[in-house]
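The chain contents come next:
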Amino acid sequence: MYGDAVEFGIFHEFERPPGMSEAQAFDNAFDLIDVAERGGLDAVWLAELHFSPERSVLASPMALAGAIGARTSHIKIGTAVQILPLCHPLQIAEEAATVDHISHGRLIFGVGRSGFARTYLQYGVPYAESRERFAETLEIVRRAWTEDTFSHDGKYFQYHETCVVPKPYQKPHPPIRVAATSADTFPAIGAQGFDVFAASRTGTLAELAPNLASYRAAYSSAGHAGKGGVFLRVPVYVADTFDRAVEDCRDSILAFYRQLGQQLERSAQDAGARAIEQRDVRGRRLRETSFDEVLQERVIVGTPEMVTERLGKIATELELDGILAELNCGGQVPREGVINSLRLLCEEVMPAFK
């Protein structure tokens, strides 16, 4: 047993590898959710990905959250993350509240901005406005959920005596978790009193500790109760042997980090991208990283015993409240391997954290 109970979930992209039909991608993705439900997993987390025909069919996380809520009975359904600056605030408030009712209170509202401008360009929303739009949209959603009627006069949206129906099933509203990637975002989220998503995609696991310390310090200084919830999204792969685990996921993980590195380098020149994030430097480092470096710094791969020990150490050091295990980082891991990894996660890893 590792301290307090840790929420276990899987991060799910509804992968569509090259050559697979969209219909088959949806069928496979729902099959994985059914396995997670039967295995007693705590949560499934849905990405939001657009214009990626050879990666994913998950463009509408709230629609899929409703479908999952209708076909399951106990697993929580989270968005990781809903890209708020691309949403109409009243519409997303209505849709999320509807999903909360369909699932009888199992929705977790995970939100963020996304670190890449390509989707913003296609949606006709300037990426430079993403921070302001995020804050304003989240404020409107919270008011829509908690006030009978409200008025709002903001920079991007204006409403007068608006009543949003339905209100959420959970009172006062579903849990809200906010994604953080840059160092200055962590204390900002803490000061606002939200739980936080952290990740090791563009940085390393070791780099998270000071960021989480700044989050918790800001959370406490603002007078919020408790210490704030911290949930880590991290690539995890479990197999019966270490060699099998490496063989299954190595190429997929390396392809992912090389592609991510290229995206970071390209996005360094995007309007609204901030120089302090050093996207070009981080991108080049990711493109050139070796699998041994990835194993040490960014992912958790191995047998159930190895994964349990490594996750236990990380959960203790970072004082984690939950883990979002990305079982198919890169989207190229064989389907039977992903299903077996999920089974081992539920049966042999998760019990050590309950």
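Residues numbered from 1 in each chain as written. Predicted model: local features only at pLDDT ≥ 70, side-chain atom pairs only at ≥ 80, totals over all residues. Heavy atoms only, no water.

**Q** An account of the overall build of the protein is needed here, citing residue identities and associated values.
**A** When helices and strands are counted, the protein shows twelve helices and twelve strands. For the protein, the C-alpha radius of gyration of 20 Å lies close to 20 Å, the compact-globule estimate for 354 residues. The principal-axis extent of the C-alpha atoms belonging to the protein is close to 60 × 45 × 45 Å. Every one of the 354 residues in the protein was classed for burial, and the buried ones make up 54%. Pairs at least 24 residues apart make up 74% of the contacts formed inside the protein by residues separated by at least 6 positions. Across the protein, the 36 positively charged side chains and the 48 negatively charged ones have centroids separated by 3 Å. (Helix = DSSP H or I, 4+ residues; strand = E, 2+ residues; numbered from the N terminus. Rg over C-alpha atoms; globule rule 2.2 N^0.38 Å. Buried < 20%, exposed > 50% of the residue type's maximum accessible area, 1.4 Å probe, protein only. Contact = heavy atoms within 4.5 Å. Lys, Arg positive; Asp, Glu negative; His and termini not counted. Charge placed at Lys NZ, Arg CZ, Asp CG, Glu CD.)

**Q** Which residues make up the pairing of strand β3 (residues 76-79), and what values go with them?
**A** The two faces of a sheet get side chains in turn, since along a regular strand they alternate between them. As defined by bridge partners, strand β2 (residues 43-46) adjoins β3 across four bridges and the pair is classed as parallel. Within the sheet, the bridge partner assigned to Leu46 lies in β3 and is Thr79. Bridge analysis of β3 against strand β5 (residues 107-112) gives two bridges, and the strand direction is parallel. Residue Ile77 lies in a different strand from β5, and its bridge partner there is Leu107. (Pairing = 2+ DSSP bridges.)

**Q** Lay out the packing of helix α1 (residues 22-38) against helix α12 (residues 335-349) in plain terms, naming residues and giving numbers.
**A** Between α1 and α12, the least distance of the axes is 10 Å, while the angle of their chain directions is 20°. Here α1 lies roughly parallel to α12, going by the angle between them. Handedness of the crossing formed by α1 with α12: right-handed. Residues Asn28, Asp31, Leu32, Val35 and Ala36 of α1 lie in contact with α12, whose contacting residues are Arg335, Val338, Ile339 and Leu342. Taken together, the residues of the contact of α1 with α12 break down into six nonpolar, one polar and two charged. (Axes fitted to C-alpha atoms, helices over the stretch in contact; angles between N-to-C directions. Parallel < 35°, antiparallel > 145°, perpendicular 65-115°, else oblique. Left-handed = near helix turned anticlockwise from the far one by under 90°. Nonpolar A, V, L, I, M, F, W, Y, C, P; charged D, E, K, R; others polar.)

**Q** Let's hear about the packing of aromatic side chains: which residues, and what values?
**A** One pass over the full model with this rule turns up eleven aromatic pairs. With 6.1 Å between their ring centres and 55° between their planes, Phe51 and Tyr123 make a pair best called tilted. Highlighted residues: Phe51 in the loop between β2 and α2 (61-71) and Tyr123 in helix α4 (residues 118-123), separated in sequence by 72 residues. Classification of Tyr123 by relative accessible area gives partly exposed; the value is 38%. With a centroid separation of 6.4 Å and 70° between ring planes, the pair formed by Phe150 and Tyr159 is classed as edge-to-face. (Phe/Tyr/Trp six-rings, centres within 6.5 Å; stacked < 30°, edge-to-face > 60°.)

**Q** Any details on α2? Residues and values, ideally.
**A** Every buried residue of α2 is listed here: Pro61, Met62, Leu64, Ala65, Gly66, Ile68 and Gly69. For α2, the elements touching its buried residues are α1, β2, β3, β4 (82-83), α3 (89-102) and β5.

**Q** How would you sum up the pattern of salt bridges? Please name residues and give values.
**A** Within this structure, the stated rule accounts for 16 salt bridges. Its salt-bridge partner being Glu247, residue Arg244 comes within 3.9 Å of it at the nearest N-O pair. One end of the pair, Arg244, and the other, Glu247, are both in helix α8 (residues 242-267), three residues apart, so they sit about a helical turn from each other. Residue Arg244 is classed as partly exposed on the basis of its relative accessible area, which comes to 40%. Beyond isolated ion pairs, a larger network of salt bridges with shared partners links Glu7, Lys76 and Arg177. (Salt bridge = Lys/Arg side-chain N within 4 Å of Asp/Glu carboxyl O.)

**Q** Give a description of unusual backbone geometry that names residues and reports values.
**A** Leaving glycine out, the prevailing phi sign among residues is negative, and the prevailing peptide bond configuration is trans. The amide bond that connects Val165 to the next residue, Pro166, takes the cis arrangement and shows omega of 0°. Positionally, Pro166 belongs in the loop between β7 (158-162) and β8 (176-179). Lys171 connects to Pro172 through a cis peptide bond whose omega is 0°. One non-glycine residue with positive phi stands out, namely His104, at about 55°. A relative accessible area of 57% places His104 in the exposed class. Phi at Glu161 takes a positive value of approximately 50°, unusual for a residue other than glycine. Here Glu161 is to be found in strand β7.

**Q** Explain empty space enclosed by the protein to me, using residue names and the numbers behind them.
**A** The full count for this structure, using the stated rule, is two cavities of 30 Å³ or more. Of the voids in this model, the largest cavity is the one considered here, and its volume is about 40 Å³. Around the largest cavity, the lining residues are Ile10, Phe11, His12, Glu15, Leu32, Leu327, Asn328 and Val338. The greatest single-element share of the lining of the largest cavity, amounting to three residues, is contributed by strand β1 (residues 7-12). Lining the second largest cavity are Pro235, Val236, Tyr237, Cys249, Ile253, Val301, Glu326, Leu327, Cys329 and Val333. The set of elements that each furnish at least two residues to the lining of the second largest cavity consists of β10 (230-238) and α8. (1 Å grid on protein atoms, 1.4 Å probe; cavity = no way out; pocket = protein on both sides within 12 Å on 5 of 7 lines; lining within 4 Å. Points joined across faces, edges and corners; volume = space filled by probe spheres on them.)

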